[in-house]
Amino acid sequence: MNKQSVQPSMLKDEAYTTLERMIVNGDLAPGDWVSETDLIEVSGYTRASIRSAVQRLEDQELIKIFPRRGAQICPIDFTRQFRALELRRAVESLIARSAAKRASHGQKLKFKEVSENFLKAAQASDQKLMTELDATNYSLMLEAAENPFAAKAMASVKGLSRRFWVMYHKEHGDIQKMAEAYAHVALAISNGDEEHAEKAVSDLISYVEKFTLEVVGYGS
């Protein structure tokens, strides 16, 4: 589709998604300095769309804007990673419970399919597939939970957590465990089981905490 024919609001969302994934996947590396022109060139989006995306990314602490100097991709901060996990444990548990409670029949079917695909990613140790499924599952959870306040809180940390995993999973992570943990969350929601959905999120965050400790040198 020609970007010129797309609504401006859609272009802004697409530009944000493109840049967020480039940061999460390390194409724009922690500490890199970038200008609007740089981001326009690597993404192909308009200046207005890029400015909107950068503002959202700054709110999520993935980019830091320095007046008259440009912008920097935020460096990895271990302390903030742990604080992000604190928030995720509380808010993501709420979102999972709410999604299990409020998901429509059609949404539950989608969660079941996502859960099955997570297990395929686990069996294949397919990081790329797991990343895509994580994004799909996250969007489904927010849609089903119908809680914009919780969604706003999660938006402040989700990108940081995803980037941290992508940066360090090869040395310290276990793709199979991570994918299986996500599968359990999606399955519990598909079954409308609020208690198991909350427990599955708790188990997921516990694994990510252990992974983070190993990254910083305190793992067993």
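A. Quick peek at the pairing of strand 2 (residues 63-66). Relative to strand 3 (residues 70-73), strand 2 runs antiparallel, the two sharing four bridges. Residue Lys64 lies in a different strand from strand 3, and its bridge partner there is Gln72.

B. Spatial organisation of the nonpolar core. If you look at the biggest cluster of nonpolar residues, it comprises 47 residues, and the most contacted ones within it are Phe118, Met130, Trp165, Met178 and Ile189. At the level of elements, helix 4 (78-102), helix 5 (105-124), helix 6 (127-145), helix 7 (148-155), helix 8 (158-172), helix 9 (175-190) and helix 10 (194-216) are the ones that each hand at least two residues to this core. For this core, the element with the most residues is helix 9, which contributes 10 residues. Non-local contacts of Met178, meaning those with residues more than four positions away in its chain, are made with Met130, Trp165, Leu204, Tyr207 and Val208.

C. Quick peek at the packing of aromatic side chains. Summed over the entire model, instances satisfying the criterion amount to eight aromatic pairs. A ring pair is formed by Phe78 and Tyr168, whose centres lie 6.4 Å apart and whose planes are at 55 degrees; its orientation type is tilted. With a gap of 90 residues between them, Phe78 in helix 4 and Tyr168 in helix 8 connect regions that are remote in the sequence. Under the relative-accessibility criterion, Phe78 is labelled partly exposed at 35%. Centre to centre, the rings of Phe118 and Tyr182 are 5.3 Å apart; their planes meet at 15 degrees, and the pair counts as stacked. With a gap of 64 residues between them, Phe118 in helix 5 and Tyr182 in helix 9 connect regions that are remote in the sequence. In this structure Phe118 comes out as buried when scored by relative accessible area, which is 0%. What links up through ring pairs into an aromatic cluster is the set Phe78, Phe164, Trp165, Tyr168, Tyr207 and Phe211. Across the ring face of Tyr16, the terminal group of Arg56 is positioned such that the distance to the ring centre comes to 3.9 Å.

D. Main features of empty space enclosed by the protein. According to the stated counting rule, one finds two cavities of 30 Å³ or more in the structure shown. What the largest cavity holds in volume is close to 120 Å³. The wall of the largest cavity is formed by 15 residues, among which Asp134, Arg162, Trp165, Met178 and Tyr182 lie closest to the centre. The set of elements that each furnish at least two residues to the lining of the largest cavity consists of helix 4, helix 6, helix 8 and helix 9. Looking at the lining of the largest cavity residue by residue, the classes come out as seven nonpolar, four polar and four charged. Of the voids in this model, the second largest cavity is the one considered here, and its volume is about 60 Å³. Lining the second largest cavity, in full, are Glu92, Ile95, Asp134, Asn137, Tyr138, Met141, Leu142, Met154, Lys158, Tyr182, Val185 and Leu204. When residues of the lining of the second largest cavity are traced back to their parent elements, those giving at least two are helix 4, helix 6 and helix 9. Counted by class, the lining of the second largest cavity contains eight nonpolar, one polar and three charged residues.

Definitions and limits used
- Numbering of residues starts from 1 in each chain and follows the order in which that chain's sequence is written.
- Local features in a predicted model are, by the rule used here, given only for residues with pLDDT of at least 70; side-chain atom pairs are given and counted only at 80 or more, and totals for whole chains, interfaces and linings are based on all residues.
- Hydrogens and waters are ignored; side-chain quantities use all the structure's heavy atoms.
- Strand pairing requires that DSSP identify at least two bridges connecting the strands.
- Only DSSP runs of H or I with at least four residues qualify as helices, and only runs of E with at least two residues qualify as strands; both kinds are numbered from the N terminus onward.
- For the purposes of this section, nonpolar cores are sets of buried Ala, Val, Leu, Ile, Met, Phe, Trp, Tyr and Cys residues that join through side-chain atoms within 4.5 Å.
- When accessible area is computed with a 1.4 Å probe and restricted to protein chains, residues below 20% of their type maximum are described as buried, those above 50% as exposed, and intermediate ones as partly exposed.
- Whether two residues are in contact is decided by their heavy atoms: any pair within 4.5 Å suffices.
- Side-chain rings of Phe, Tyr and Trp, where Trp is taken by its six-membered ring, are said to pair if the distance between their centres is within 6.5 Å; with planes under 30 degrees apart they count as stacked, over 60 as edge-to-face, and otherwise as tilted.
- Charge-over-ring contacts are defined here by two conditions on Lys NZ or Arg CZ: a distance within 6 Å of the ring centre and an angle within 35 degrees of the ring normal.
- Buriedness of a pocket was judged along seven lines, with at least five required to meet protein on both sides within 12 Å; pockets are open sets of points on a 1 Å grid over the protein atoms alone, cavities are sets where a 1.4 Å probe fits but cannot get out, and lining residues have an atom within 4 Å of a point.
- Grid points are joined across faces, edges and corners, and a volume is the space filled by probe spheres set on the points.
- Asp, Glu, Lys and Arg are counted as charged, while Ala, Val, Leu, Ile, Met, Phe, Trp, Tyr, Cys and Pro are counted as nonpolar; the rest, among them Gly, fall into the polar class.

The analysis is restricted to geometry; functional conclusions fall outside its scope.
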